[in-house]
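# Tertiary structure, described
Residues per chain, in single letters:
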Amino acid sequence: MTKIKKEKTATDEEAGAPEKSYQDLVANINPIANPLASRKLSKKLYKCVKKAAKLKQIRRGVKEVQKFINKGETGIVVLAGDTLPIDVYCHLPVMCEDRNLPYAFIPSKVDLGSSAGSKRPTCVIMIKPHDEYKEAYDECMEEVCALPKPI
């Protein structure tokens, strides 16, 4: 009564989790996802989140990010554009605008969660500034601030 392990073939691995392109991800975003980061900026933000997560310089999740925005903490707020229902986090962009915090939407909460070193999807992350990744942070800050603000 032993279990027989099924061997993985190359076709099983390819069919398991096909990586979606940026265009496929953008097709699934919600109506409030504005300003949406470009493909290039999204990659930079993912890299910055990864560096910040290694140094424990991120705030993850709606509750935690909201709490620290209210306390006056600064940083870049990265929101996932494919989060449903919208009511979960629709108040965060308004809070960011009130406190002059830069924010941007990216197309995938799964990618955002995995870049933060988590197996769970994450709908919002705040990247705090730090000397270790200052160059990447400043570059992201500059590009996020240059994005057009919604009306």
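The following paragraphs examine the structure supplied in this document. Quick caveat, the model's predicted, so the values are computed rather than measured.

Along the chain, the position of Asp82 falls in the loop between strand S2 (76-80) and helix H5 (92-98). With residues up to four places along the chain from it excluded, the contact list for Asp82 reads Asn28, Ile29, Asn30, Pro107, Ser108 and Lys109. Engagement of the side chain of Asp82 in a polar contact is seen with the backbone nitrogen of Lys109, the distance being 2.9 Å.

Further remarks concern the sheet that holds S2. With respect to topology, four strands assemble into an open sheet ordered S1-S4-S2-S3, the strand pairing being mixed. Strands at the two margins of the open sheet, each flanked by one partner only, are strand S1 (58-60) and strand S3 (103-106). Pairs of neighbouring strands in the sheet enclose a mean axial angle of 20 degrees, with direction left out of account. Alignment of S1 against strand S4 (residues 124-127), held across three bridges, turns out to be antiparallel. Bridge assignment links Arg60 to a residue of S4, and that residue is Ile125. Of the strands in this sheet, S1, S2, S3 and S4 touch helix H3 (residues 39-54), which is tilted by about 70 degrees from S4.

Let's shift gears to the environment of Ile106. Following the sequence through the fold, Ile106 ends up in strand S3. For the pair Ile106 and Pro35, spaced 71 residues apart in the sequence, the C-alpha separation amounts to 8.8 Å. Residues contacting Ile106, with those up to four places away along its chain left out, are Leu36, Ala37, Ser42, Leu45, Tyr46, Val78, Leu79, Ala80, Gly81 and Leu112.

Our focus in this paragraph is the packing of aromatic side chains. The full count for this structure, using the stated rule, is three aromatic pairs. Both rings, one in Tyr89 and one in Phe105, keep their centres 6.1 Å apart while their planes meet at 75 degrees; by these two values the pair is edge-to-face. Residue Tyr89 is located in the loop between S2 and H5, and its partner Phe105 is located in strand S3; the two are separated by 16 residues in the primary sequence. Considered together, Tyr89 and Phe105 belong to a single accessibility category, that of buried residues.

The next subject is the nonpolar core. Membership of the largest hydrophobic core comes to 23 residues, with the highest contact counts inside it found for Leu45, Ile76, Val78, Ile106, Leu112, Ile125 and Ile127. Contributions of two or more residues to this core are made by H3, S2, S3, S4 and helix H7 (134-146). Among the elements that line this core, the one with the most residues is H3, at seven residues. Among residues more than four places away in sequence, those in contact with Ile76 are Leu45, Pro102, Ile125, Met126, Ile127, Tyr137, Cys140, Met141 and Val144. Within the second largest apolar cluster, 16 residues are counted, among which are Ile69, Leu92, Val124 and Met126.

Applying the stated criterion to the full structure yields five salt bridges. Across the pair Arg59 and Glu64 runs a salt bridge whose closest N-O atoms are separated by 3.7 Å. Under the relative-accessibility criterion, Arg59 is labelled buried at 16%. For Glu64, a relative accessible area of 29% translates into the label partly exposed. A salt bridge links Lys134 to Asp138, with the shortest nitrogen-to-oxygen separation between them at 3.3 Å. Pair noted here: Lys134 and Asp138 are both in helix H7, with a separation of four residues, about one helical turn. Assessed through its relative accessible area of 34%, Asp138 is described here as partly exposed.

Cut-offs and rules
Residues numbered from 1 in each chain as written. Predicted model: local features only at pLDDT ≥ 70, side-chain atom pairs only at ≥ 80, totals over all residues. Heavy atoms only, no water. Helix = DSSP H or I, 4+ residues; strand = E, 2+ residues; numbered from the N terminus. Contact = heavy atoms within 4.5 Å. Polar contact = N/O pair within 3.5 Å; in protein donor to acceptor, adjacent residues only side chain to side chain. Pairing = 2+ DSSP bridges. Axes fitted to C-alpha atoms, helices over the stretch in contact; angles between N-to-C directions. Phe/Tyr/Trp six-rings, centres within 6.5 Å; stacked < 30°, edge-to-face > 60°. Buried < 20%, exposed > 50% of the residue type's maximum accessible area, 1.4 Å probe, protein only. Core = buried A, V, L, I, M, F, W, Y, C linked by side-chain atoms within 4.5 Å. Salt bridge = Lys/Arg side-chain N within 4 Å of Asp/Glu carboxyl O.

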